[in-house]
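So you can see what is in the structure, the chains are spelled out below.
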Amino acid sequence: MILLTTPDDTRAFGARLAKLLRPGDLIILNGPLGAGKTALTQGIGVGLGVTGDVTSPTFVISRVHRGPVPLVHVDAYRLKDFEVDDLDLDASVDESVTVVEWGHGMAERLADSYLEVLISRRDDDTREIELVAHRGDWADRLAPLLPQT
Amino acid sequence: MRDEPLVLGIETSCDETGVGIVRGHTLLADALASSVDEHARFGGVVPEVASRAHLEALVPTINRALDDAGVKLADLDAIAVTAGPGLAGALLVGVAGAKGLALATEKPIFGVNHLAAHVAVDTLEHGPFTGPAIALLVSGGHSSLLRVDDLSAGVTPMGATIDDAAGEAFDKVARLLGMPFPGGPPIDRAAREGEATVSFPRGLTTARDLQSHRFDFSFSGLKTAVARWVEARERDGSPVPVNDVAASFQEAVCDVLTMKAIDACRHAGVQTLVIGGGVAANSRLRAMAQERAAKHGITVRVPRPKLCTDNGAMVAALGSHLVAAGRRPSKLDFPADSAMSLSLIGV
């Protein structure tokens, strides 16, 4: 479990996480309104070195940011159920890092293995982050990010 | 004919299929078909569903607009269509349809920028722009401040949201308060019955933020503050004063939007502020902008609510402007551009 105090901390964590990512990765962000899902994705965008401002994609559903490894930023807030083809993505998911906000229960089918990031807002306004590896080699790759005990 | 071009405009960038017809600055028809009902069946917006709905609605909506305007395709001077930004598949339907129409009727075609069209639509209501203006564009997908010197030449972006769009904040706060989508109208109604008793944060307004983000917006922190406030009430078991929360939230959004818009006008030495996009239909935003602008001798131009939300008339209005200005039509192979830059008025 990782504790983050400010939105800048959330962005910095996203940038650190980005360093462990590679093409084809799927990350699912879950957490309530205002948890910091977009802030975390902004950090991932910085870490990947992609172009264009990363802002909330709720209205446009998905946005593709070009870069050495492109970032596909999807927001499933307004979607009930979707297949990747429905998104009319102008990029290949295999060659990109795909981040899906509000993807709980929906985005899992997009890839065989994925990283789930659970963000919760505590009463003192700090954020609690839990990383859940779903198949693949996520657990090994995440080791550098976890607090040393 | 060139002064008063007859132009048909097609808009399919999101969930509305809009077809408008204008003659110069005169609105002749504004036909609209929405796929919102269709999405309700699916329980949310699905891009593929939007594209299919546009495909089914496009021809009937074009025919309805022609009937309403009492004109024939052969009478048109040009066809205009939203080339971007928007949902890629949805845009494609309008662009392909407009190209087919242009090819079949041998009329020139203009692929135009959706956001610039939100500015141009006000010419249908308040006549041509007489000098430079600052435009505040606020909708579910956009929150931008632009400098508009000549609509046929281009606009200069001054600032934009760094996280959520203003309309998106309305939608999300409405959901928090148990109100339906889209959130703008129910929050506006509830706010009229309430008082702005809670002081919610105004994003990017501290002295430090103003140095680097003077004309940018942030509504993510406001949304979170409202969520926290409501949750704290619920934890205590006390009732949530929905109308007061709606009024307080709306006040915070309108405060920042109008403050920065007027600051932009003064910074640029511009006397006209034009407001467009769905959030421009908000009654508090309209009133507050008028009130604050008047103090600085700035004129506010904001079209009637129906022309603020997405429609075909705005695309026709911008097309007509480009024809009258002698702009060259787009080449037939122009693409739909989901991320079209604001610096492009047409393609």
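Procedures and definitions
- Residues numbered from 1 in each chain as written.
- Chains lettered and ligands numbered in written order.
- Predicted model: local features only at pLDDT ≥ 70, side-chain atom pairs only at ≥ 80, totals over all residues.
- Heavy atoms only, no water.
- Axes fitted to C-alpha atoms, helices over the stretch in contact; angles between N-to-C directions.
- Helix = DSSP H or I, 4+ residues; strand = E, 2+ residues; numbered from the N terminus.
- Parallel < 35°, antiparallel > 145°, perpendicular 65-115°, else oblique.
- Left-handed = near helix turned anticlockwise from the far one by under 90°.
- Contact = heavy atoms within 4.5 Å.
- Phe/Tyr/Trp six-rings, centres within 6.5 Å; stacked < 30°, edge-to-face > 60°.
- Buried < 20%, exposed > 50% of the residue type's maximum accessible area, 1.4 Å probe, protein only.
- Lys NZ or Arg CZ within 6 Å of the ring centre and 35° of its normal.
- Core = buried A, V, L, I, M, F, W, Y, C linked by side-chain atoms within 4.5 Å.
- Buried area = accessible area lost by both parts, 1.4 Å probe.
- Salt bridge = Lys/Arg side-chain N within 4 Å of Asp/Glu carboxyl O.
- Polar contact = N/O pair within 3.5 Å; in protein donor to acceptor, adjacent residues only side chain to side chain.
- Nonpolar A, V, L, I, M, F, W, Y, C, P; charged D, E, K, R; others polar.
- Pairing = 2+ DSSP bridges.
- Right-handed = clockwise from strand over helix to strand, strands pointing away.

Undergrad: Summarise the packing of helix 10 (residues 242-268) of chain B against helix 11 (residues 283-295) of chain B; cite the residues concerned and give the values.
TA: When two helices pack together, their arrangement is given by the angle between the helix axes and by the axis-to-axis distance. All names here are of chain B. At a minimum axis separation of 9 Å, helix 10 and helix 11 run at an interaxial angle of 40 degrees. Considering the angle they form, helix 10 stands oblique to helix 11. Where helix 10 crosses over helix 11, the handedness of that crossing is right-handed. Residue-level inspection shows Gln250, Glu251, Cys254, Asp255, Leu257, Thr258, Met259 and Ile262 of helix 10 in contact with helix 11, the latter providing Arg284, Leu285, Met288, Ala289, Arg292 and Ala293.

Undergrad: Hey, could you go over the packing of aromatic side chains for me, with residue numbers and the actual values?
TA: What characterises a pair of aromatic rings is the spacing of the ring centres plus the angle enclosed by the ring planes. According to the stated counting rule, one finds three aromatic pairs over all chains in the structure shown. Ring geometry for B:Phe170 and B:Phe249: centres 5.1 Å apart, planes at 75 degrees, overall edge-to-face. One end of the pair, B:Phe170, is in helix 6 (residues 166-176); the other, B:Phe249, is in helix 10, with 79 residues separating them in the sequence. Of the two residues, B:Phe170 and B:Phe249, both sit in the buried class. Between the NZ or CZ atom of A:Lys37 and the centre of the ring of A:Trp102, over which it lies, the distance is 4.1 Å. Sitting over the face of the ring of B:Phe129, B:Arg301 holds its NZ or CZ atom 4.2 Å from the ring centroid.

Undergrad: Provide a residue-level description of the nonpolar core, including the pertinent values.
TA: Residues and elements named next belong to chain B. Ranked by internal contacts, the top residues of the largest apolar core, which has 47 residues, are Leu136, Phe249, Leu257, Leu273 and Ile275. The set of elements that each furnish at least two residues to this core consists of strand 6 (133-138), helix 6, helix 7 (184-192), helix 9 (220-236), helix 10, strand 9 (272-276) and helix 11. Residue contributions to this core peak at twelve residues, all from helix 10. Listed in part, the 32 residues of the second largest apolar core include Val22, Ala78, Val119 and Ile345.

Undergrad: Go over helix 6 of chain B with me, naming the residues and quoting the values.
TA: Of all eleven residues making up helix 6 of chain B, nine are buried, and the element is well covered by its neighbours. Within the sequence span of helix 6 of chain B, burial applies to B:Ala166, B:Gly167, B:Glu168, B:Ala169, B:Phe170, B:Asp171, B:Lys172, B:Val173 and B:Ala174. The secondary structure elements touched by the buried residues of helix 6 of chain B are strand 4 (71-75) of chain A together with strand 6, strand 7 (143-150), helix 7, helix 9 and helix 10 of chain B. B:Gly178 sits one or two residues past helix 6 of chain B and shows a positive phi near 75 degrees.

Undergrad: I'd like a rundown of the interface of chain A and chain B, residues and numbers included.
TA: Between chain A and chain B, the residue contacts involve 24 residues of the former and 30 residues of the latter. Taking both sides of the interface into account, the surface hidden between chain A and chain B amounts to around 2,300 Å²; carbon and sulfur atoms contribute 54%. At the boundary of chain A and chain B, one finds three salt bridges. Two residues, B:Arg228 and A:Asp125, come together in a salt bridge whose shortest N-O distance is 3.4 Å. The tally of links from chain A across to chain B stands at nine residue pairs in polar contact (both at pLDDT 80 or more). Residues that form the side of chain A that touches chain B fall into these classes: eight nonpolar, five polar and eleven charged.

Undergrad: A description of the pairing of strand 4 (residues 78-84) of chain B should follow, citing residues and the corresponding values.
TA: All names here are of chain B. Counting buried positions along strand 4 gives seven out of seven residues, so the element sits mostly inside the fold. With four bridges connecting them, strand 1 (residues 6-11) and strand 4 associate as parallel partners. Directly across from Val7, in strand 4, lies its bridge partner Ala78. The parallel pair strand 4 and strand 5 (residues 109-113) is bridged by helix 3 (residues 88-105), and the resulting crossover is right-handed.

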